[in-house]
There are 2 protein chains.
Amino acid sequence: MKPRINAITLGVNDLEKSLAFYRKLGLPSKGLIGTEFKGDKTHPSGTIAFFEMQGGLILALYPRVELAKDAHLHVGPPSATEFSIGYAVRTREEVDALLKRAKAAGAIITEKPYDRPWGIYSGYFQDPDGHLWEVMWNPQLEIKD
Amino acid sequence: MKPRINAITLGVNDLEKSLAFYRKLGLPSKGLIGTEFKGDKTHPSGTIAFFEMQGGLILALYPRVELAKDAHLHVGPPSATEFSIGYAVRTREEVDALLKRAKAAGAIITEKPYDRPWGIYSGYFQDPDGHLWEVMWNPQLEIKD
């Protein structure tokens, strides 16, 4: 297995709502695609939203119930501590500003940002489905774009 | 917000076990770091494992209980349909081979791979914490490495 990740798919309850949220944050998307694949009780729908992230990475939004069908699993309960997505910025002020913007877009801020002993200043927000994003300033990390 | 993701952190129950699993799959890691940051009942431990993925993306393993403390949340129940990670390969045979390898490393295969109506041949495995990876062959997708 190569050290490669091509996509991150977030299980959501309401595609339109989640799409609107991420668009408000500034992420670019062509909107819902694959709408011609309707699915049924056992076959997943193909309707999905993609955001093209840097480095060719795809961030996808897909209903939890469809993900469950696609992977042949039961739908699990919402659970915020399964994973988090890390988003690095260049300054403390950018951490604060993005958390404010996320809140304005409808996110829940789980806590005010603070300094960790390992040298990172960060805070978390939750998207409309409770998925965690850590907005972080790490002085050791060079951000290229 | 730029279309950028710097890290994906997986909430795990047993750091050593999950680290061993991903190493068996071939992902490179320096092992547990940040072990000097012990944490306590309310402050998260800094012990974490990183895998350096292509494009500067970090895949991290971090205990669910510590992620909960770091984000000021209660620990949620394990839930497999919160997200999935997509890993693209070049052929059908590679899909089958990687799923076999994942199974040998201790993964659960939720279903045999099959052809989706939207032109992707894929199957899913679950890591030791139930996190979903979709191994997929998409003839439309160019894989550069």
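Since the structure is predicted, the reported quantities are computational estimates derived from the model, not experimental observations.

1. Remarks on the overall build of chain A
Counting secondary structure elements, chain A contains 3 helices and 8 strands. Across its three principal axes, chain A shows a C-alpha extent of roughly 50 × 30 × 25 Å. Put simply, chain A has 145 residues, and 40% of those count as buried. Pairs at least 24 residues apart make up 50% of the contacts formed inside chain A by residues separated by at least 6 positions.

2. Looking at the nonpolar core
Among the nonpolar cores identified, the biggest contains 74 residues, and A:I5, A:I8, A:V135, B:I5, B:I8 and B:V135 are the most heavily contacted of them. For A:V135, the contacting residues outside a window of four places in its chain are A:Y87, A:V89, A:V95, A:L98, A:L99, A:S122, A:G123 and A:F125.

3. Regarding the sheet that holds strand 1 (residues 7-12) of chain B
One open sheet holds the 8 strands; their spatial order is 6(A)-7(A)-8(A)-5(A)-1(B)-4(B)-3(B)-2(B), and the pairing between them is mixed. Single-partner strands in this sheet number two, and they are strand 6 (108-115) of chain A together with strand 2 (29-33) of chain B. Averaged over all pairs of adjacent strands, the angle between strand axes in this sheet comes to 20°, irrespective of strand direction. Direction of pairing for strand 2 of chain B relative to strand 3 (residues 48-52) of chain B: antiparallel, over a ladder of 3 bridges. Bridged to B:I33 within strand 3 of chain B is B:I48.

4. A few points about the pairing of strand 6 of chain A
Residues and elements named next belong to chain A. Where strand 6 and strand 7 (residues 121-126) come together, 5 bridges link them in antiparallel fashion. Following the sheet pairing, D115 is matched in strand 7 by Y121. In this structure, the hairpin formed by strand 6 and strand 7 is closed by a connection of 5 residues, where G119 is found at a positive phi of approximately 90°.

5. What to know about the domain arrangement of chain A
Residues and elements named next belong to chain A. Annotation of chain A at the domain level lists domain 1 (7-71) and domain 2 (84-137). In this structure, domain 1 and domain 2 have C-alpha centres spaced 23 Å apart. Each partner contributes residues to the interface: domain 1 has 9 residues there, and domain 2 has 8 residues. Mapped onto the side of domain 1 that touches domain 2, the elements with two or more residues apiece are strand 1 (7-12) and helix 1 (15-24). Of all the elements, helix 1 adds the most residues to the side of domain 1 that touches domain 2, at 4 residues. Counted by class, the side of domain 1 that touches domain 2 contains 4 nonpolar, 3 polar and 2 charged residues.

6. Re the interface of chain A and chain B
How big an interface is tends to be expressed through the accessible area that disappears when the partners come together. Each side of the interface is counted separately: chain A has 53 residues, and chain B has 53 residues. Elements supplying a minimum of two residues to the side of chain A that touches chain B: strand 1, strand 3 (48-52), helix 2 (64-71), strand 5 (83-89) and strand 6 of chain A. It is strand 5 of chain A that contributes the most residues to the side of chain A that touches chain B, 6 residues altogether. Partitioning the side of chain A that touches chain B into residue classes produces 30 nonpolar, 16 polar and 7 charged. As defined by bridge partners, strand 5 of chain A adjoins strand 1 of chain B across 4 bridges and the pair is classed as antiparallel. If you follow A:I85 over to strand 1 of chain B, its bridge partner there is B:I8.

7. Considering unusual backbone geometry
One non-glycine residue, A:H72, adopts positive backbone phi at about 60°. Looking at where A:H72 falls in the secondary structure, it is placed in the loop between helix 2 and strand 5.

Scoring rules and cut-offs
For every chain, the first residue of the written sequence is number 1, and numbering continues from 1 along that sequence. Chain letters start at A and ligand numbers start at 1, both assigned in the order the entries are written. Thresholds applied to this predicted model are a pLDDT of at least 70 for local features of residues and 80 or more for the giving and counting of side-chain atom pairs; totals over whole chains, interfaces and linings are not thresholded and use all residues. We count a stretch as a helix when DSSP gives it H or I for four or more residues in a row; a strand needs E for two or more, and each element gets its number in order from the N terminus. Burial is judged by counting the other C-beta atoms within 10 Å of a residue's own C-beta: 20 or more makes it buried, 12 or fewer makes it exposed, and any count in between marks it as partly exposed, with every C-beta position built from the backbone. C-beta atoms are placed from the backbone for every residue, and two residues are taken to be in contact when these atoms lie within 7 Å. Residues of type Ala, Val, Leu, Ile, Met, Phe, Trp, Tyr and Cys that are buried and joined through C-beta atoms within 7 Å form what is called a nonpolar core. When DSSP finds at least two bridges between two strands, those strands are taken to pair. To obtain an axis, a line is fitted to C-alpha atoms, over the contacting stretch when the element is a helix, and the angle between two such axes runs from 0 to 180 degrees between their N-to-C directions. For the purposes of this description, domain bounds are those given by an automatic or database domain assignment. The nonpolar class holds Ala, Val, Leu, Ile, Met, Phe, Trp, Tyr, Cys and Pro. Asp, Glu, Lys and Arg form the charged class, and all remaining residues, Gly among them, are polar.

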